[in-house]
Amino acid sequence: MGTRKKRERQEELWYGGELPTAPGHPFYKRLNEVLDNAGFDTFCESQCAEFYHQKLGRPSLVPGLYFRIMMIGFFEGLDSERGIAWRLADSLTLREFLSIGWDEKTPDHVTISRTRRLIGAETHQRIFRWVLERLAQGGLIKGKTIGVDSTTLEAHAAMKSIVRRDTGEDYNAYLKRVAEAEGMDAKDPAALRRMDRKRAKKTSNEDWKNPHDEEAEITKLKDGRTALAYKAENAVDMETGAIVAVTTHGGAAADTGTIEATVVEAGLAVAGLIAEKTPEGKYEVNHEGIEEVVADKGYHSNAVAVGLTELGVRTYVAEPERGTRNWEGKPAEKEAVYANRRRIQAERGKRLQRQRGERIERNFAHQFDTGGLDRLYVRGRENVHKKFLLQAAACNLALLMRSLYGSGKPRAAHDLGAAAIVAILAFLKTLNDLSKLWSRISDGPLRISYRSGSLSTSCVLA
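A brief look at the structure comes next. (Residues numbered from 1 in each chain as written. Predicted model: local features only at pLDDT ≥ 70, side-chain atom pairs only at ≥ 80, totals over all residues. Heavy atoms only, no water.)

Assigned secondary structure in the chain consists of 15 helices and 10 strands. In the chain, which comprises 462 residues, the share counted as buried stands at 46%. Of all intrachain contacts in the chain linking residues separated by at least 6 positions in sequence, the fraction that spans at least 24 positions is 69%. For the chain, the computed accessible surface area is about 25100 Å², with 51% contributed by carbon and sulfur atoms. (Helix = DSSP H or I, 4+ residues; strand = E, 2+ residues; numbered from the N terminus. Buried < 20%, exposed > 50% of the residue type's maximum accessible area, 1.4 Å probe, protein only. Contact = heavy atoms within 4.5 Å. Areas by Shrake-Rupley, 256 points an atom, 1.4 Å probe, with all protein chains shown as cover.)

This part covers the pairing of strand S8 (residues 314-317). Note that strand S7 (residues 292-295) and S8 share 4 bridges and pair parallel. Paired with valine 294 across the two strands is tyrosine 316, which belongs to S8. (Pairing = 2+ DSSP bridges.)

Our focus in this paragraph is the pairing of strand S1 (residues 145-154). For S1, the tally of buried residues reaches 9 of 10 residues, placing the bulk of the element in the interior. The sheet contact formed by S1 and S7 spans 3 bridges and is parallel. Counterpart to isoleucine 146 in the pairing with S7 is valine 293. Inspection of the sheet shows S1 paired to strand S5 (residues 226-237) by 9 bridges, in the antiparallel sense. Across the sheet, the residue bridging to threonine 151 is alanine 232, located in S5.

Moving on, we come to the packing of helix H3 (residues 63-76) against helix H14 (residues 381-405). Put simply, H3 and H14 touch, their axes get as near as 9 Å, and they point 75° apart. The angle between H3 and H14 places the two elements in the roughly perpendicular class. Facing Tyr66, Phe67, Met70, Met71, Phe74 and Phe75 of H3, the residues of H14 in contact are Lys387, Leu390, Gln391, Ala393, Ala394, Cys395, Leu397 and Ala398. Its residues assigned to classes, the contact of H3 with H14 shows 12 nonpolar, 1 polar and 1 charged. (Axes fitted to C-alpha atoms, helices over the stretch in contact; angles between N-to-C directions. Parallel < 35°, antiparallel > 145°, perpendicular 65-115°, else oblique. Nonpolar A, V, L, I, M, F, W, Y, C, P; charged D, E, K, R; others polar.)

We now examine the nonpolar core. Nonpolar side chains tend toward joint burial in soluble globular proteins. Counting 104 residues, the largest nonpolar core has Leu31, Phe67, Phe75, Ile259, Val293 and Phe388 as its most contacted members. If one sorts the elements of this core by residue count, H14 sits on top with 13 residues. If we skip the residues at most four places from it in the chain, phenylalanine 75 touches Phe27, Tyr28, Leu31, Ala394, Leu397, Ala398, Gly408, Lys409 and Pro410. Membership of the second largest hydrophobic core comes to 5 residues, among which are Ala305, Trp327, Ala336 and Val337. (Core = buried A, V, L, I, M, F, W, Y, C linked by side-chain atoms within 4.5 Å.)

What follows deals with a nonpolar patch on the surface. A grouping of Val264, Leu268 and Leu311 is seen on the molecular surface, where their side chains present a nonpolar patch of about 270 Å² in accessible area. Relative to the helices and strands, valine 264 resides in helix H10 (residues 255-271). (Patch = residues over 30% accessible without salt bridge, like charges linked within 9 Å, V, L, I, M, F, W, Y side chains within 5 Å. Salt bridge = Lys/Arg side-chain N within 4 Å of Asp/Glu carboxyl O.)

Written out as structure tokens, the structure reads:
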């Protein structure tokens, strides 16, 4: 297996002025400092040793290098591994971040994707947990109250390629068979289109699949389109905004059917962080684990209220308007729903619901909008889950960097530096104006006038 230590080499004997250089980005330099001080590369190599042979095979992509490359997609807003590979080949700053020499070839997208397929999902999960430990040590995870929300992302599979699960025929062949059964001319394309427009269509996941990605499910996206998609569900610490758990589901999975699995995953993650302490020796993670769950009205149901109550957590799930309810023979459901209703109508419940936009929705914006993962270019739920895990890990690293250095992304660091330069220039201009004013005062009396509407006043400075 290739390691970061083995990649170290003696510098070439060239004059410095003959080599292409870049000043590097302060954000990436600080990020490397954080990762190196915490032993990121050593941890990655120990976790990935089972996937590599010690001697045989072509030179491999170093594990620590692979995980850094995948996180670049978040920091640079790149949506595909091909785009990441192109950016690596063009950027001296990213070469410096990855410790790739100017005369070395950067990894192509085939090497990156093959390494992703090689390393298992459980190893990606351990890397995500390693980042969570760094956040817990920085006091950025409390673990008492979590918020759960989800979003759907279009899969790397087209609707026009779907086939029947029972017969394997595509949509056009299915239409011809239906037309023949109804006694129509199946060889007339115009007649087929007219029939398709008039008939009641129901594209069910039980009947149809995409042969290239059978785990993607047909659903309606937020923009109104019907497409094959996956659903990403996050559990977020409501006090700090850290993502404590990520689960991946088919695009048609209901929120009410997935929330319990996400809460359980978050509970296991928080339980594993209770023993982590900050440099000051404090234990910031709640020693009793998760106690409260916050979610929107899409998660409200009798089964969810009862299930989360049995898990020992208090629910703050927004309740949709359902009118008069019939609770006959449902005492447990009634008690759980009414208890949740009392909590969300109290001041704390209202405050938690207001914080959902800041803590949960903002993370989705960072991950899937500015983070570049607005659609998927990998296939299979396992590969999609790996992408979601590393995207969430990079988002958590951004939170850690903001707490340490004030900026969580390279662009934010650049804007912060530009703002500092503008502030310095404004300060220098103010000093220059004051010096000119003082020189005028020292030369003789200075008359200052002030006028506001019909009032005016003036004074003389000697």
